[in-house]
Amino acid sequence: MLRRTALSALAATTLFAVTTACSADADSSAAAKDGTTTVTLALDWTPNTNHTGIYVAQAKGWFKDAGINLRIIPYGSTAPETLIANHKADFGISYQEGVTTARAAGQDITSVYAVTQKTDVTVSVRADRTDITSPKDLDGKTYAGFGAPYEKPLLQKVIKNAGGTGDFKQVTLNTSAYAALYAGKADFAMPMPTWEGLEARLSGKPLKDFQLSDYGFPAIYSTLIASSDQFLKKNPAVAKKFLAAVDKGYRYAADDPDRAADLLIAANKSVLTNTKLVKESSELLAKEYYKAADGTTGTQSAARWKAFADFEYGAGLLVDANGKKLTKAPDTSTFFTDAYLPDTK
């Protein structure tokens, strides 16, 4: 949920080159001379374990078997939501807040696959902070965040539900969350336990976490795959084949996280140099995040989409296409679809 806070010039240049060269729009699914269909997928960050299923499916040849030539667009200055809504990418890695905000504003974007079924963000403090045993103890403390509009109302809700007043100071992160906490620049942050939380422990700077759901905050699809209605309606068969390969990849990652991590690392050797971190992240995601309580992967809940949109609306965070605040909570039934998932789970 918390990302897109930095950008390398190389990634930006690569993104521009890829999007300019392929001019990916809804017609990018046209069959190539070899009979395959080119499908573009925009990443939300540099390759990491949230993307494991994609790279597994690619390494195993499952996209190729489905007749798909997958072109991965590196993370760049333009958010995946923007690329999707403007039909410059067929699919993209996104998150529930990103899709909710964009769709409420009338943009053409729809979530089609929930990568993580459990909220992958926590309120965290240094593990040795004995003075902080509950979010209510964060009153008057300093929060290190990313400057996203939803951070303050989210934290206020959690703190108030824990018995506090919700009053705290804010600073913007220019380093990792755990580094900021251990440097004394802030008292609490909201890192991803499947990556930064593990990185903190491996660095000898462990964190103490408070789960959002334990304090009445609705569950969030922290990582998902989105597309546009235009692409889905024009290319339903391609969308189903793409998501069938994706689902097979994430199921593999859930069942064999160690081998899946090897495949992810092999495809991204220059980026994923901390193999221990990747392995531990893969194990944690497989154990707690990829599969829903009923064992399904990729599926989404109407109740979860409504609950989060209601929160954002109540906090005054949702605006229409003209930038005016919505006067009623949006109908989230069109914000997501499970219609393109494999028929059998």
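The model shown is predicted, which means the values in this text are computed figures rather than measured ones.

## So, the overall build of the protein chain
Here is step 1: Scanning the protein chain for helices and strands turns up 13 helices and 10 strands.
Here is step 2: Here the protein chain, with 345 residues, has 55% of them falling under the buried criterion.
Here is step 3: Considering only intrachain contacts with a sequence separation of at least 6, the fraction spanning at least 24 residues in the protein chain is 80%.

## Overview of the packing of aromatic side chains
Given two aromatic rings, one states the distance between the centres and the angle between the planes to describe the pair.
Here is step 1: This structure, assessed with the given rule, holds 16 aromatic pairs.
Here is step 2: Centroid distance Phe217 to Phe311: 4.7 Å. Interplanar angle 75 degrees. Geometry classified as edge-to-face. In this pair, Phe217 is assigned in the loop between strand S9 (207-211) and strand S10 (224-227) and Phe311 in helix H13 (residues 302-314), connecting sequence segments 94 residues apart. In terms of burial, Phe217 and Phe311 fall into one category: buried.
Here is step 3: Geometrically, the ring pair formed by Trp305 and Phe336 is stacked, given 6.0 Å between the ring centres and 5 degrees between the ring planes. Residue Trp305 is located in helix H13, and its partner Phe336 is located in the segment after H13; the two are separated by 31 residues in the primary sequence. The two residues Trp305 and Phe336 agree in class, both being buried.
Here is step 4: We note Arg304 situated over the ring of Tyr221; from NZ or CZ to the ring centre the distance is 4.2 Å.

## A look at the pairing of strand S5 (residues 122-126)
Here is step 1: In terms of burial, S5 is a largely internal element, 4 of the 5 residues being buried.
Here is step 2: Direction of pairing for S5 relative to S9: antiparallel, over a ladder of 5 bridges. Residue Arg126 lies in a different strand from S9, and its bridge partner there is Leu207.

## A few points about the nonpolar core
Here is step 1: Formed by 45 residues in total, the largest nonpolar core has its most connected members in Phe91, Tyr113, Ile225 and Phe242.
Here is step 2: Element by element, the count of residues in this core is highest for helix H10 (residues 236-255), at 10 residues.
Here is step 3: Once you skip the residues sitting within four places of it in the chain, Phe91 turns out to touch Val39, Thr40, Leu41, Ala42, Ile84, Val112, Ile225, Ala226, Ser227, Phe231, Ala239 and Phe242.
Here is step 4: Ile132, Tyr143, Leu154 and Ile159 belong to the second-largest nonpolar core, a separate cluster that totals 21 residues.

## Brief notes about the packing of helix H2 (residues 52-59) against H10
Here is step 1: Orientation of H2 relative to H10, taken along the N-to-C sense of each, is 105 degrees, at an axis distance of 7 Å. The orientation of H2 with respect to H10, classified from their angle, is roughly perpendicular. Across the interface between the two elements, Thr52, Gly53, Ile54, Val56 and Ala57 from H2 touch Ala245, Val246, Gly249, Tyr250, Tyr252 and Ala253 from H10.
Here is step 2: Tallied by class, the residues present in the contact of H2 with H10 amount to 8 nonpolar, 3 polar and no charged.

## Side note on the pattern of salt bridges
Here is step 1: Following the criterion strictly, the structure yields 12 salt bridges and no others.
Here is step 2: Residue Lys291 is joined to Asp255 by a salt bridge in which the shortest nitrogen-to-oxygen separation is 3.2 Å. With Lys291 in the loop between helix H12 (275-288) and H13 and Asp255 in helix H10, the pair connects residues that are 36 residues apart, well separated along the chain.
Here is step 3: What makes Asp255 exposed here is its relative accessible area of 55%.
Here is step 4: Between Lys279 and Asp262 there is a salt bridge; the shortest N-O distance is 2.5 Å. Placement of Lys279 in helix H12 and of Asp262 in helix H11 (residues 257-267) is noted, with a sequence separation of 17 residues between them.

## Here we look at the confidence of the model for the protein chain
When pLDDT is low, close inspection of the predicted coordinates is not appropriate.
Here is step 1: With 90% of its residues at a pLDDT of 70 or more, the protein chain shows a mean pLDDT of 91.
Here is step 2: Note that residues 1-29 has pLDDT below 50 and, in this model, 76 contacts with residues that lie over four places away or in other chains.

## Notes on the pairing of strand S6 (residues 142-145)
Here is step 1: Of the two faces of S6, both are covered, the one formed by Thr142 and Ala144 as well as the one formed by Tyr143 and Gly145.
Here is step 2: One ladder, built from 4 bridges, connects S6 with strand S7 (residues 169-172); its direction is parallel. Of the residues in S7, the one forming a bridge with Thr142 is Lys169.
Here is step 3: At this point the chain moves from S6, through helix H6 (residues 151-161), to the parallel S7, and the crossover so formed is right-handed.
Here is step 4: Across 2 bridges, the pairing between S6 and strand S8 (residues 188-189) is parallel. Each residue of the ladder has a partner; that of Ala144, found in S8, is Ala189.

## Description of unusual backbone geometry
Here is step 1: Even without glycine at this site, His87 takes up a positive phi of about 60 degrees.
Here is step 2: Within the element layout of this structure, His87 appears in the loop between helix H4 (80-85) and strand S3 (91-94).

## Points about H2
Here is step 1: Counting buried residues along H2, 6 of its 8 residues qualify, which places the element largely inside the surrounding structure.
Here is step 2: Residues of H2 that are buried sit in contact with strand S1 (37-42), helix H3 (62-65), strand S2 (68-73), S10, H10 and H11.
Here is step 3: The positive-phi residue at the C-terminal boundary of H2 is Gly61, with phi of around 80 degrees.

What counts as what
The residue count restarts for each chain, going from 1 along the sequence in the order it is written. Totals for whole chains, interfaces and linings use every residue, but because this is a predicted model, local features are given only for residues with pLDDT of at least 70 and side-chain atom pairs only at 80 or more, for both listing and counting. By convention in this description, side-chain values take in all heavy atoms of the structure and omit both hydrogens and water. Per the convention used, a helix needs a DSSP run of H or I reaching at least four residues, while a strand needs a run of E reaching at least two, with both numbered from the N terminus. We call a residue buried when its accessible area falls under 20% of the maximum for its residue type, exposed when it is over 50%, and partly exposed in between, using a 1.4 Å probe and counting protein chains only. Any pair of residues with heavy atoms lying within 4.5 Å of one another is described as a contacting pair. Two rings from Phe, Tyr or Trp (for Trp, the six-membered ring) form a pair when their centres sit within 6.5 Å of each other. Planes less than 30 degrees apart are called stacked, planes more than 60 degrees apart edge-to-face, and all others tilted. Consider the ring centre and the ring normal. A charge sits over the ring if Lys NZ or Arg CZ is within 6 Å of that centre and within 35 degrees of that normal. At least two bridges found by DSSP between two strands is the condition for calling them paired. Residues grouped as a nonpolar core are buried Ala, Val, Leu, Ile, Met, Phe, Trp, Tyr and Cys residues, joined through side-chain atoms within 4.5 Å. Between the N-to-C directions of two axes lies an angle of 0 to 180 degrees, each axis being a line fitted to C-alpha atoms and, for a helix, fitted only over the stretch in contact. In these notes the angle categories are as follows: under 35 degrees is roughly parallel, over 145 is roughly antiparallel, 65 to 115 is roughly perpendicular, and the rest is oblique. Throughout, the ten residues Ala, Val, Leu, Ile, Met, Phe, Trp, Tyr, Cys and Pro are labelled nonpolar, Asp, Glu, Lys and Arg are labelled charged, and all others, Gly among them, are labelled polar. Each salt bridge in this description consists of a side-chain nitrogen of Lys or Arg and a carboxyl oxygen of Asp or Glu lying within 4 Å of one another. The predictor reports its confidence for every residue as pLDDT, a score running from 0 up to 100. A right-handed crossover is one whose linking path, passing over the helix from the first strand to the second, runs clockwise when the strands point away from the viewer.

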